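Take a look at the letters that make up each chain.
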Amino acid sequence: MSTSRRPTMSDVARVAGVSVMTVSRALKPQTPVSESTRARIEAAAEELGYVLNSTAAGLSSRHSGFVAMTVPSLNNSNFSDTARGLTEGLRGSGFELLLGYTNYDMAEEERLIAAFLRRSPEAIVVTGGAHSARCRSLLKASGVPVIETWDLPADPIDKVVGFSNAEAGRLMAHHLHSQGHRKFGFIGGDGMRDTRGADRRRGFLAALHELGVTEDRVLSEGDPPLSMGEGAAAMTKLLDRWPDTKAVMCVSDLSAFGAMSAAQRCGLSVPADIAIGGFGAYDIAKYALPDITTLDMSAEDIGRKSAEMIVDALSKGGPASLPDRIEIPYKLIVRGSTAA
């Protein structure tokens, strides 16, 4: 899949019907351009996905030497592992990593992408496949490799390194069902912001319905990333509403740890009275008591494969040799929180 040419100031001038010099003045603050002309030029820039390169005038080369990456959370070890894998994979290539934090906010992602593009990154790595319309337009028009990670979007912008969150949810549902459970719950956060968490929930519930379980016991508690405290609060509410629940999938291991603690404070034994599964293969899941069944999607490997794809796409002397889509294998780690 090839990337399109990045729009230039000349393209904006042509669409707006003005000179390049006028475009240059209009896209800078406090310059003498009429408001109607400025508005026409800004509309043309928006249509083309053009952003002003604020460093171009001072550079003798078009190469910035950095790769931009957006992550939704800074305190999530999964995303820090991915950033570490990307950094290590780029080592020796001459590229450095510039990191931006979106807080699961599409508007903030859009702002960051525009800011990155003003500094001419060599490539852009984004978390997830759901973006605002303008963000997609900016990424498509960037003229550099764009890699969407942690997801398998149906309509990728350019390149993908990820896995199906829905299939991961399905795998956990089948595991819990295989342990003999028939009354299930799901604990997650705001599905509008955490689209990958929403996909896990969708896959989990779809698998249960296929297995003949039609009752949905879903609770959303707080904004992503869901904390241990929010997981505990959600489990307390779930048990108050459905006290006969026997198995719960949580959107992450942090929320699963909080949920398990809340269940134990209610006098329930895990897994004898209620089984609990998480997602992410965090250290806390490994050392909890009991240790927590989880899904491991090789977070660091996502970063390493993204780096390989970037270096391959930017290598001189021939076309890219790697595919545009790399699926990362994930695995279910069965531990004490669900074991029969």
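Heads up: these notes are all about the structure in this document.

About the criteria used
- Residues numbered from 1 in each chain as written.
- Predicted model: local features only at pLDDT ≥ 70, side-chain atom pairs only at ≥ 80, totals over all residues.
- Heavy atoms only, no water.
- Helix = DSSP H or I, 4+ residues; strand = E, 2+ residues; numbered from the N terminus.
- Buried < 20%, exposed > 50% of the residue type's maximum accessible area, 1.4 Å probe, protein only.
- Areas by Shrake-Rupley, 256 points an atom, 1.4 Å probe, with all protein chains shown as cover.
- Lys, Arg positive; Asp, Glu negative; His and termini not counted.
- Charge placed at Lys NZ, Arg CZ, Asp CG, Glu CD.
- Pairing = 2+ DSSP bridges.
- Axes fitted to C-alpha atoms, helices over the stretch in contact; angles between N-to-C directions.
- Contact = heavy atoms within 4.5 Å.
- Expected span 1.5 Å × (residues − 1).
- Salt bridge = Lys/Arg side-chain N within 4 Å of Asp/Glu carboxyl O.
- Polar contact = N/O pair within 3.5 Å; in protein donor to acceptor, adjacent residues only side chain to side chain.
- Core = buried A, V, L, I, M, F, W, Y, C linked by side-chain atoms within 4.5 Å.
- Phe/Tyr/Trp six-rings, centres within 6.5 Å; stacked < 30°, edge-to-face > 60°.

1. Side note on the overall build of the protein chain
Step number 1: Counting its regular elements, the protein chain contains 12 helices and 12 strands.
Step number 2: In terms of overall dimensions, the protein chain has a C-alpha envelope of 75 × 45 × 30 Å along the principal axes.
Step number 3: Looking at the protein chain residue by residue over its 340 residues, the buried ones come to 51%.
Step number 4: Of the accessible surface of the protein chain, which amounts to about 15,000 Å², a share of 52% is contributed by carbon and sulfur atoms.
Step number 5: For the protein chain, the distance from the average position of its 37 positive side-chain charges to the average position of its 40 negative side-chain charges is 4 Å.

2. Considerations on the sheet that holds strand S6 (residues 184–188)
Step number 1: Strand order in the open sheet formed by four strands is S7-S6-S8-S9, and the pairing between neighbours is parallel. Of all strands in the sheet, those with a lone pairing partner are strand S7 (218–220) and strand S9 (275–277), marking the two edges. Shown here is a sheet whose adjacent strand axes are inclined to one another by a mean of 15°, direction ignored.
Step number 2: On top of the sheet, helix H10 (residues 253–265) reaches S6, strand S8 (247–250) and S9; it is set at about 165° to S9, its chief contact.

3. A few points about helix H12 (residues 299–314)
Step number 1: Taking 1.5 Å of rise per residue, the 16 residues of H12 would be expected to cover 22 Å, and the 23 Å separating its terminal C-alpha atoms lies within 8% of that figure.
Step number 2: Residues of H12 that are buried: Ala299, Ile302, Gly303, Ser306, Ala307, Met309, Ile310 and Asp312.

4. Points about the side chain of Arg335
Step number 1: Within the secondary structure, Arg335 sits in the segment after strand S12 (331–333).
Step number 2: For the buried Arg335, no salt bridge exists, and the shortest N-O distance to an oppositely charged side chain is 4.4 Å, to Asp291.
Step number 3: In this structure the side chain of Arg335 is engaged in a polar contact, spanning 3.2 Å, whose partner is the backbone oxygen of Ile292.
Step number 4: With sequence-adjacent residues up to four places away left out, Arg335 is seen in contact with Ala285, Lys286, Asp291, Ile292, Thr293 and Thr294.

5. Some details on the pattern of salt bridges
Step number 1: By the definition in use, this model includes 20 salt bridges.
Step number 2: Note that Lys237 and Glu221 form a salt bridge whose closest N and O atoms lie 2.9 Å from each other. On the criterion of sequence distance, the pair formed by Lys237 in helix H9 (residues 228–241) and Glu221 in the loop between S7 and H9 is long-range, its members being 16 residues apart.
Step number 3: When its relative accessible area of 17% is taken as the criterion, Glu221 is described as buried.

6. A short note on the nonpolar core
A general feature of soluble globular proteins is that nonpolar side chains tend to end up buried together.
Step number 1: One finds Trp150, Ile187, Phe204, Met235, Ile276 and Ile310 to be the most contacted residues of the largest nonpolar core, which totals 62 residues.
Step number 2: Those residues in contact with Ile310 that sit more than four places away from it in its chain are Val67, Leu86, Leu90, Ala123, Val125 and Ile147.
Step number 3: Listed in part, the 16 residues of the second largest apolar core include Ile113, Leu117, Leu139 and Ile157.

7. Points about the packing of aromatic side chains
Step number 1: Under the counting rule described, the total for this entry stands at six aromatic pairs.
Step number 2: Judged by centre distance (5.7 Å) and plane angle (70°), the rings of Trp150 and Phe163 are edge-to-face. Remark: Phe163 occurs in the loop between strand S5 (159–162) and helix H7 (165–178) and Trp150 occurs in the loop between strand S4 (146–149) and S5; sequence separation between them is 13 residues.
Step number 3: The exposure class of Trp150 is buried, given its relative accessible area of 1%.

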